[in-house]
Amino acid sequence: MIELNNIEKYHPAKGIKHYVLRHVSASIASGEFVSVMGPSGAGKSTLLNILGMLEEPTYGTYHFMGEDITSMNERKRIELYRNHIGFVFQAYHLIDEMTVQENIEAPLIYKKIVASERKSRVADLLDRFNMVAKKDLFPSQLSGGQQQLVGIARALVAEPSLILADEPTGNLQSAQAAEIMSLFRKLNREEGITIVQVTHSEKNAQYGNRILTIEDGVVRTDTPVAGQL
Amino acid sequence: MFKLNIRIALRSLLRNKPAALINITGLTIGLTACLMLLLYVTYERNFDRHDARTTRVYGVMTNVPDGKGGITATFDGTTTALAPMLRQSLPALEAVCRLSYGSIRLIASGEHAFKKEARFAEPEIFQMYGYRFLSGDSTTALADPHSVVLTASMAKTLFGRLDVTGSRLRYQDQYDLKVTAVIEDLPLNSSNRFDYLMPWLFYETVDPSAKELNWTNYSFITLLKLKPGIAPETVNKSLVTLLKSSGSDSEQPHFIFPLQRLHLYGKFEQGRSVGGDIEQVRLFTALALGILLLACINFMNLATARAGRRAREVGVKKTLGADRRSLVFQFLTESMVLCLISVALAVALAELLIPAFNSLLRVQLNVGYFNGTTWLALLAIVLFTGILAGSYPAFYLSSFNVIGSLKRNAPLRRFLPFSMRQVLVVVQFCFAVSLIVATLVIYKQISYIKNRPLGVEVQALVEMPLEGNLKTRFELFKKRLLASGAVSAMYQSSVKLAHHSSNFTDIRWPGMQAAVNRVMFNKVGTGYDFIKTNGIKMLAGRDFSPALPTDSGGVLLSARAAKIMGLKDPLGKVIQVMGERRTVIGVFADYVWDEPAKTNNPMVVQMEPLRGGSMTMRLNTAHSLEDNIAAISKIAREMNPAYPVELSFMNQVYAGKLESERLLGLLSRIFGGLAILISCLGLYGLVSFSAEQRTREFGVRRVLGATLLNIMQLLSAAFLKLIAVALVIAVPLSCALMNTWLQGFEFHTSVSFWTIAVATLLTLALALVTIGLQAVQAARANPVDALKYE
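Residues numbered from 1 in each chain as written. Chains lettered and ligands numbered in written order. Predicted model: local features only at pLDDT ≥ 70, side-chain atom pairs only at ≥ 80, totals over all residues. Heavy atoms only, no water.

In the nomenclature of an unreviewed UniProt entry, chain B corresponds to Cell division protein FtsX from the organism Pedobacter yulinensis. As recorded by UniProt, the Subcellular location (unreviewed entry) comment attached to chain B reads in full: "Cell membrane". (UniProt positions renumbered as here; feature names shortened; annotations may be inferred.)

An unreviewed UniProt entry lists chain A under the name Phosphonate ABC transporter ATP-binding protein, with Pedobacter yulinensis as the source organism. Reading the Sequence similarities (unreviewed entry) entry of the UniProt record for chain A gives the comment "Belongs to the ABC transporter superfamily. Macrolide exporter (TC 3.A.1.122) family."

Laid out in structure tokens, this is it:
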């Protein structure tokens, strides 16, 4: 599904190239659950952003589902967001002015899906996440864990094939974190959704089936998870 | 999606109440001004356009030569002889009509007498104006010399009903007339208005000067209607040749001007139209649009200042698949929602303000709620404003790239580099400062003109129309008033003191160079005590004296008249006024009449037989004003029971002459106030936002030992710099502009250092208060709270 070939990313700073990523090559197959780990500033988030097409690599090629992203125009990229990629953020990034229900519905509106189908899909997700009672609340009225559930529901509603999660449990307590991670694992196993998450936590990484470790912009290790939780 | 956008827009309004309040206040004020403007412009533009037949109607204009080949004035007065000649010899004309100027005359139905505006016209007037007949018709309405046409409200006033054709009326307590037609009221925005209309044939009985065909008395209006397809230029050409060949001794060149344009473009210089009321329309347009622009700037500034917050939303939406178009659309929806709320408030506000506005501008506006065009125009305003206010933020915000906006605490830009926002604030304050300067200069000019010596002792001076029985019994009336002690001196005259309509050129004097005089003179026909009553200063000679019977052939000259004639020792010289020989017995100092900021025409004052006009009285200051008025009213009612007593105070009459300047002053005060209010609101919003954004920075600084004052300086400096820039730009610009305005007055003041100083200090003070309010709040906040935040 994802083919990274010799990706480099640097910021020019006072004439010196400040490398964030160097010679990163990796391939992620459909149905994998990959955790990207490494110390702060290693380039994990940049890698995820490149995967999500939010940032462009300075050098190298990136094929997504067989297509070359690096030469893709804005319109095509938006098509990809709409149809294949769901984002989950550490800070949830729900839209404050929208209710739970509207937040979940938003991607479908941009995808121009008809109202009746939107309603049924949102209702379905609310039901699945046990949030029917909270559908008319605003994000500020929810706990962090609940907000992240909404964030995940929003990422899922467009039925993406890939979920990119940047420290999805970074702002949560451990019990809530475990709940979110189990949800990810379930989505991965039962619905075959490919997941790439960035995490600091060894424990969270165990929910996936492969761990990429990045240090100083270079992939150090790429190991399968032995005894998956 | 649209519904969701609107919901989100409303929620975000509620969430940011201060910003919403600032925006709505500003936009409501701006839109109200625009609404009024819309109504006003429609009103002015539709002047005399109620009927299609008026498009081919032209008024004959007269140029007044200054004797040196130039033209001093242009007006719509013509002679009685012109119309009959044109009717006979110009086949390009479909109709020609003579019309009198309107004057307030007494009309009575039995006991009910009213003084209303009367006009006389030839029947062709019905081909010029599209009057709608409620009863009677255009062929017979003015056929009989003793007929009268009433407007609907006049009929209501006189009879209380509309079906009054055939009823009898009494004119000026002298003539019996029969109502032949009732027409719908004339719209206020039509020229040559009247309450009742009488035939020209009747005018010839009432006023001999209307009957005699002459080429010297320019006291009548002539209207022409061209045949379809005739160009006015060809008529103008034949007019010139015709006047020459006809052998008339008329020296005034005539030309024709479209009636429909006369109201808006009726100001002439050197015989060419150079504007008129259109200037007022333009000024008001500029002011109203300016205010709306200020409000839009507030919206833009607050929206982009909050960009940091909105940026995250933009980023998230982009990852959810939103394209730029849908984001632009969303932000525009927000500004539209705001506009709609404001426009609803503005309509309500306009409805409240229209009566005041009407009496201020002397117009008759109303909101045509069920008029399709009004709704369309309103919609257009909302769309225009929404797009104007919303487009910059929409394109600015939607352009954020995802990654920058999602990174936490990523400063989008340093707050206030040299940005669009700064430019906009400067623009706002430039506008506000200019209006303040304008207000001050206009105020100064008005007081300058007011304080100019009038040359007349205007206190305790009153005037009253001379009409009815008093015309024949004036001497008795005067005797009784003097005996009653209410009046210390009085005189009668052909014209009022402050406005002299009687202009003429037929005058000769000893040592005159040219063969024919081309300078417009003004004539006042009077009896005794003209000088004494008015308190006018004599420069040489004396007033008319009853002791010297030869004085009836005497004449008084104004100082300017004596100067123009170039008479070294005018006393005793014999001049010819309209063919009559008169001896100069005195020269008096010029006094103010007509336009107070202009030098007036030279004037001759002579004894004339009593023909009606005006009486001017000096009240006896030994008695109270109320007693004097009561005494005068009592005697007037006794002697002239058919007429109401109408006394006007000369100081009010003179004050009224500054009406258009007063109006301009008032408009600039209102708009200046609004401009500064809206600008300060915007500034308040920006400062409060800046303070909020820098809460943490201020917290840290406080902890490090910064004082309240330091923090306030920090916050204020950036904004005060902008105000200073605005002052530097706007003050010289507006001073130059106001200087040009002042040059338009013959007597004018100047833009002084004090004007500039007051405008500058006022603006700075207001800005400082606005900023200070917020700065104090920010500086006083507990640093611990600030640091806990986030």
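Once you've had a look at it, read on.
A. Inspection of the overall build of chain A at higher detail. Looking only at helices and strands, chain A has seven helices and 10 strands in total. Taken over the C-alpha trace, chain A has a radius of gyration of 18 Å; the compact-globule value for 229 residues is 17 Å, and the two agree within 12%. Oriented by its inertia axes, the alpha-carbon framework of chain A measures out at about 55 × 40 × 35 Å. A separation of at least 24 residues holds for 69% of the contacts in chain A among residues at least 6 apart in sequence. (Helix = DSSP H or I, 4+ residues; strand = E, 2+ residues; numbered from the N terminus. Rg over C-alpha atoms; globule rule 2.2 N^0.38 Å. Contact = heavy atoms within 4.5 Å.)

B. How the structure looks around the sheet that holds strand β7 (residues 162-166) of chain A. All names here are of chain A. Ordered by their spatial adjacency, six strands build an open sheet running β6-β7-β8-β3-β9-β10, and the pairing between neighbours is mixed. This sheet does not close on itself; its edge strands, each paired only once, are β6 (85-88) and β10 (218-224). The mean angle between the axes of side-by-side strands here comes to 15°, regardless of whether they run parallel or antiparallel. The sheet contact formed by β7 and strand β8 (residues 194-198) spans five bridges and is parallel. Among the inter-strand pairings, Asp166 is bridged to a residue of β8, identified as Val198. Contacts between helix α5 (residues 144-157) and the sheet are confined to β6 and β7, with β6 contributing the most and set at about 170° to the helix. (Pairing = 2+ DSSP bridges. Axes fitted to C-alpha atoms, helices over the stretch in contact; angles between N-to-C directions.)

C. Focus on the interface of chain A and chain B. Each partner contributes to the interface: chain A provides 23 residues, whereas chain B provides 22 residues. Of the roughly 2,300 Å² buried at the junction of chain A and chain B (both faces included), carbon and sulfur atoms supply 64%. Put simply, chain A and chain B have three salt bridges between them. Put simply, Arg7 of chain B and Glu102 of chain A hold a salt bridge, and the shortest N to O gap is 2.7 Å. (Buried area = accessible area lost by both parts, 1.4 Å probe. Salt bridge = Lys/Arg side-chain N within 4 Å of Asp/Glu carboxyl O.)

D. Summary view of the sheet that holds strand β1 (residues 2-13) of chain A. All names here are of chain A. The strand order β2-β1-β4-β5 describes an open sheet built from four strands, whose pairing is antiparallel. Lying at the two open borders of the sheet, with one neighbouring strand each, are β2 (16-28) and β5 (67-68). One ladder, built from five bridges, connects β1 with strand β4 (residues 59-64); its direction is antiparallel. Of the residues in β4, the one forming a bridge with Glu3 is His63. The strands that helix α1 (residues 44-51) touches are β1, β2 and β4; relative to β1, the one it contacts most, it runs at about 120°.

E. Structural context of the nonpolar core. By size, the foremost hydrophobic cluster in this structure holds 107 residues, and its most contacted members are Tyr40, Phe284, Leu365, Phe671 and Leu683 of chain B. A domain-level breakdown of this core finds at least three residues from each of domain 1 (2-41 + 279-448 + 659-788) and domain 2 (52-262) of chain B. Tyr40 of chain B has contacts with Gln280, Val281, Phe284, Phe357, Leu361, Val363 and Leu365 of chain B, leaving out every residue within four places of it along the chain. In terms of nonpolar packing, the next biggest core, distinct from the first, is built from 33 residues, Phe33, Val88, Phe184 and Ile193 of chain A among them. (Core = buried A, V, L, I, M, F, W, Y, C linked by side-chain atoms within 4.5 Å. Buried < 20%, exposed > 50% of the residue type's maximum accessible area, 1.4 Å probe, protein only. Domains from an automatic or database assignment.)

F. Seen up close, the packing of helix α2 (residues 17-45) of chain B against helix α21 (residues 659-693) of chain B. All names here are of chain B. In contact at an axis separation of 9 Å, α2 and α21 are set at 155° when each is read in the N-to-C sense. If you check the angle between α2 and α21, you find them roughly antiparallel. Here α2 runs over α21; the crossing is left-handed. Only Phe671, Leu674, Leu677, Ile678, Leu681, Gly682, Tyr684 and Gly685 of α21 make contact with α2, whose side of the interface consists of Ile22, Thr25, Gly26, Ile29 and Ala33. Residues belonging to the contact of α2 with α21 are distributed by class as follows: nine nonpolar, four polar and no charged. (Parallel < 35°, antiparallel > 145°, perpendicular 65-115°, else oblique. Left-handed = near helix turned anticlockwise from the far one by under 90°. Nonpolar A, V, L, I, M, F, W, Y, C, P; charged D, E, K, R; others polar.)

G. Molecular detail of the UniProt feature "transmembrane region" (unreviewed entry) in chain B. Within this numbering scheme, the UniProt entry marks residues 21-43, 283-303, 327-354, 374-403, 423-443, 666-687, 708-731 and 751-773 of chain B as carrying the feature "transmembrane region" (unreviewed entry). Here residues 708-731 of chain B runs as 100% helix and 0% strand, with 33 Å between its end C-alpha atoms.

H. Fine view of helix α1 (residues 2-15) of chain B. For α1 of chain B, with 14 residues, the first-to-last C-alpha span of 20 Å sits near the 20 Å given by 1.5 Å per residue. For α1 of chain B, every residue scored as buried is listed here: Leu4, Asn5, Ile8, Ala9, Arg11, Ser12 and Leu13 of chain B. Packed against the buried residues of α1 of chain B are α3 (100-110) of chain A together with α2 and α12 (324-361) of chain B. (Expected span 1.5 Å × (residues − 1).)

I. The pairing of strand β4 (residues 103-109) of chain B, seen in detail. Residues and elements named next belong to chain B. The pairing of β4 with strand β5 (residues 112-121) spans seven bridges and is antiparallel. Within β5, the position partnered with Ile104 by the bridge is Glu117. Between β4 and β5, which pair antiparallel in sequence order, lie two residues; one of them, Gly110, sits at a positive phi of approximately 60°. In the sheet, β4 pairs with strand β8 (residues 168-171) via two bridges, with the strands oriented antiparallel. Across the sheet, Ile107 pairs through a bridge with Tyr171, a residue of β8.

J. Expanded view of the domain arrangement of chain B. Residues and elements named next belong to chain B. Each domain of chain B was delimited in the assignment, giving domain 1 (2-41 + 279-448 + 659-788), domain 2 (52-262) and domain 3 (461-656). In this structure, domain 2 and domain 3 have C-alpha centres spaced 29 Å apart. Facing 11 residues of domain 2, the contacting portion of domain 3 comprises 10 residues. Of the roughly 1,100 Å² buried between domain 2 and domain 3 on both sides combined, carbon and sulfur atoms contribute 55%. When the shortest N-O distance is used, the salt bridge between Glu467 and Lys115 registers 2.4 Å. Across the contact surface, domain 2 and domain 3 share three residue pairs in polar contact (both at pLDDT 80 or more). When its residues are assigned to classes, the side of domain 2 that touches domain 3 shows four nonpolar, three polar and four charged. (Polar contact = N/O pair within 3.5 Å; in protein donor to acceptor, adjacent residues only side chain to side chain.)

K. Looking closely at unusual backbone geometry. With a phi angle near 45°, Glu167 of chain A is a residue other than glycine that sits in the positive phi range. In this fold, Glu167 of chain A is placed in the loop between β7 and α6 (174-191). One non-glycine residue, Asn192 of chain B, lies in the positive phi region at around 50°. Mapping Asn192 of chain B onto the fold places it in the loop between β9 (175-183) and β10 (196-199).

L. View of the side chain of Glu32 of chain A. Residue and element names in this part refer to chain A. Residue placement: Glu32 occurs in the loop between β2 and β3 (33-37). For Glu32, a relative accessible area of 17% gives the class buried. Setting aside its immediate chain neighbours within four residues, Glu32 contacts Ser27, Asn188, Ile193, Thr194, Ile195, Asn209 and Arg210.

M. Expanded view of the packing of helix α15 (residues 420-451) of chain B against helix α23 (residues 708-743) of chain B. Residues and elements named next belong to chain B. At their nearest, the axes of α15 and α23 sit 7 Å apart, and the two run at 35° to each other. As for the relative orientation of α15 and α23, their crossing is right-handed in sense. Across the contact of α15 with α23, the residue classes tally to 21 nonpolar, four polar and no charged.

N. Focus on the confidence of the model for chain B. Overall, the prediction assigns chain B a mean pLDDT of 85, with 95% of residues at 70 or greater. Considering only residues more than four positions removed or in separate chains, one finds that residues 408-412 of chain B, a stretch of pLDDT under 50, has seven contacts. (pLDDT = per-residue confidence, 0-100.)

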